[in-house]
Amino acid sequence: QQQVKQSPQSLIVQKGGISIINCAYENTAFDYFPWYQQFPGKGPALLIAIRPDVSEKKEGRFTISFNKSAKQFSLHIMDSQPGDSATYFCAASLTGGYQKVTFGTGTKLQVIP
Amino acid sequence: GAVVSQHPSRVICKSGTSVKIECRSLDFQATTMFWYRQFPKQSLMLMATSNEGSKATYEQGVEKDKFLINHASLTLSTLTVTSAHPEDSSFYICSARALTDRGGGYTFGSGTRLTVV
C-alpha cells in the first residue's frame, strides 16, 4: 500500500532531448507528489511537486503529468542538459502535519552532449 | 528558502567508536525531523522520526540502541551511531519542514558520509 514504483532505473538522453521518468503509487490517500533531484554526495533537493487536483504542472523545463485514475505520475525534462545529469526520485506523502515520505527507487539520468 | 545544515559531511571512525551527526534547521523551526540512510545506488530508507522534546519513532528493523536520536530543540536533531561497525558505513541524510509550512515538501540536509574502518 505504501509503495511507489519508479522506472526506468537508468536513462541516457541526448542533449536537447526529452527525459521522461514514470512513477506509480498504490495508496490513494496520498495527496502530495514531489520529485527530488540528487547529485552524487549530496542530499536530495525538491525539484517540483504536484497535488492530485491538477493534471499537470510546469516549472521551466520541468513538467509533472498526473493521472489520478491510473495512479501514475511522470516527470518530463524538456531540452535536457548535461547539468541535469543526476538521480531523480519520485515520492508521495500525505499533507497535514509531519508525514513520512515514500520514495521511489530512483532513476539515474545521464545527458550526453 | 528553508535551509537544513548537516554536519559533518564526511567522517571516518574506527570500529567500536561512536559518531554524532547534527542536523540543524537554519532559518525555521521544526518539531519533527526525519533521518534517512542511503546505500550506494539505492533509494532513501527512512530510519526514524525525530520529535522535539520526546522519544524518536524508529522504523521496523532499525536498532534504537544503536542509532540514538536526540531532538533537544526546535532547530537541532542529532543522530549518534553507537559502537559503529563497518556495516554501518553509509550515507545518512536528515530532512525537515517548517512548522508553518503547509506546502508538503521537505528540505534535506547535504548528507553525512560515514565510513567505519
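Let me sum up the structure you'll find in this document. Fair warning: this is a prediction, and the values are worked out from it, not measured in the lab.

This part is about the layout of surface pockets. If you add up the space inside the largest pocket, you get close to 540 Å³. Taken together, 23 residues form the lining of the largest pocket, with Thr87 and Lys108 of chain A together with Pro40, Lys41 and Gln42 of chain B sitting closest to its centre. Every element with two or more residues in the lining of the largest pocket is listed here: strand S9 (86–93) and strand S11 (107–112) of chain A. Residues of the lining of the largest pocket, tallied by class, amount to eight nonpolar, 11 polar and four charged. Here the second largest pocket is characterised by a volume of approximately 330 Å³. If you trace the second largest pocket, you find 16 residues lining it, with Thr102 and Phe103 of chain A together with Leu44, Met45 and Leu46 of chain B closest to the centre.

In this section: unusual backbone geometry. In this model, Ser7 of chain A is joined to Pro8 of chain A through a cis peptide bond whose omega is -5 degrees. Counting through the fold element by element, Pro8 of chain A comes out in the loop between strand S1 (4–7) and strand S2 (10–14). Unusually for a residue other than glycine, Ser83 of chain B sits at a positive phi of about 45 degrees. Counting through the fold element by element, Ser83 of chain B comes out in the loop between strand S8 (76–81) and strand S9 (90–96). Accessibility expressed as a relative area gives 34% for Ser83 of chain B, which makes it partly exposed.

Residue and element names in this part refer to chain A. Strand order in the open sheet formed by five strands is S1-S3-S8-S7-S6, with antiparallel pairing between adjacent strands. Two strands close off the open sheet at either side, each with one partner strand: S1 and strand S6 (56–59). Across the sheet, the mean angle separating the axes of adjacent strands is 15 degrees when strand polarity is ignored. The sheet contact formed by strand S7 (residues 62–67) and strand S8 (residues 72–77) spans six bridges and is antiparallel. Of the residues in S8, the one forming a bridge with Ile64 is Leu75.

Time to look at the sheet that holds S8 of chain B. Residue and element names in this part refer to chain B. Reading across the sheet, the four strands line up as S1-S3-S8-S7 and stay open at both edges, with antiparallel pairing between neighbours. Edge positions in the open sheet fall to strand S1 (4–7) and strand S7 (67–73), since each of these has one partner strand only. The average angle at which neighbouring strand axes cross in this sheet is 15 degrees, direction not considered.

Moving on to the side chain of Thr32 of chain B. Counting through the fold element by element, Thr32 of chain B comes out in strand S4 (residues 32–38). Sequence-distant contacts of Thr32 of chain B, defined by excluding residues within four places in its chain, comprise Tyr98 of chain A together with Thr49, Ser50, Asn51, His71 and Ala96 of chain B.

On to the pairing of S11 of chain A, then. When a strand is regular, its side chains alternate between the sheet's two faces. Residues and elements named next belong to chain A. Residues Thr107, Leu109 and Val111 point to one face of S11 and are all buried, whereas Lys108, Gln110 and Ile112, pointing to the other face, are not buried. Examined bridge by bridge, S2 and S11 share five bridges and lie parallel to one another. By the bridge assignment for S11, Gln14 is matched with Ile112. Bridging between S9 and S11 involves three bridges; their strand directions are antiparallel.

Let's shift gears to the pairing of S9 of chain B. Residue and element names in this part refer to chain B. Of all seven residues making up S9, seven are buried, and the element is well covered by its neighbours. Going residue by residue along S9, you find Ser90, Tyr92, Cys94 and Ala96 tucked away on one face and Phe91, Ile93 and Ser95 tucked away on the opposite face as well. Where S4 lies against S9, six bridges are found, and the strand directions are antiparallel. Bridge pairing links Gln38 to Phe91 in S9. Two strands pair when backbone bridges link them, and S9 and strand S11 (residues 112–116) are joined in this way by three bridges, in the antiparallel orientation. The residue bridging Tyr92 from the neighbouring strand is Thr112, located in S11. As judged from the two bridges shared by S9 and strand S10 (residues 107–108), these two strands associate in the antiparallel manner. Pairing of Ser95 across the sheet is with Phe108, part of S10.

Right, let's talk about the state of the cysteines for a bit. Residues and elements named next belong to chain A. A full pass over the atoms with the stated rule returns two disulfides over all chains. Here Cys23 engages in a disulfide with Cys90; their sulfurs sit 1.9 Å apart. Taking the torsion about the sulfur-sulfur bond, which here is approximately -95 degrees, the covalent link between Cys23 and Cys90 counts as left-handed. Of this pair, Cys23 sits in strand S3 (residues 19–25) while Cys90 is found in strand S9, placing the two residues 67 residues apart along the sequence. Per residue, the accessibility class of Cys23 equals that of Cys90, and both read buried.

Cut-offs applied
Residues numbered from 1 in each chain as written. Chains lettered and ligands numbered in written order. Predicted model: local features only at pLDDT ≥ 70, side-chain atom pairs only at ≥ 80, totals over all residues. Heavy atoms only, no water. 1 Å grid on protein atoms, 1.4 Å probe; cavity = no way out; pocket = protein on both sides within 12 Å on 5 of 7 lines; lining within 4 Å. Points joined across faces, edges and corners; volume = space filled by probe spheres on them. Helix = DSSP H or I, 4+ residues; strand = E, 2+ residues; numbered from the N terminus. Nonpolar A, V, L, I, M, F, W, Y, C, P; charged D, E, K, R; others polar. Buried < 20%, exposed > 50% of the residue type's maximum accessible area, 1.4 Å probe, protein only. Pairing = 2+ DSSP bridges. Axes fitted to C-alpha atoms, helices over the stretch in contact; angles between N-to-C directions. Contact = heavy atoms within 4.5 Å. Disulfide = S-S within 2.5 Å.

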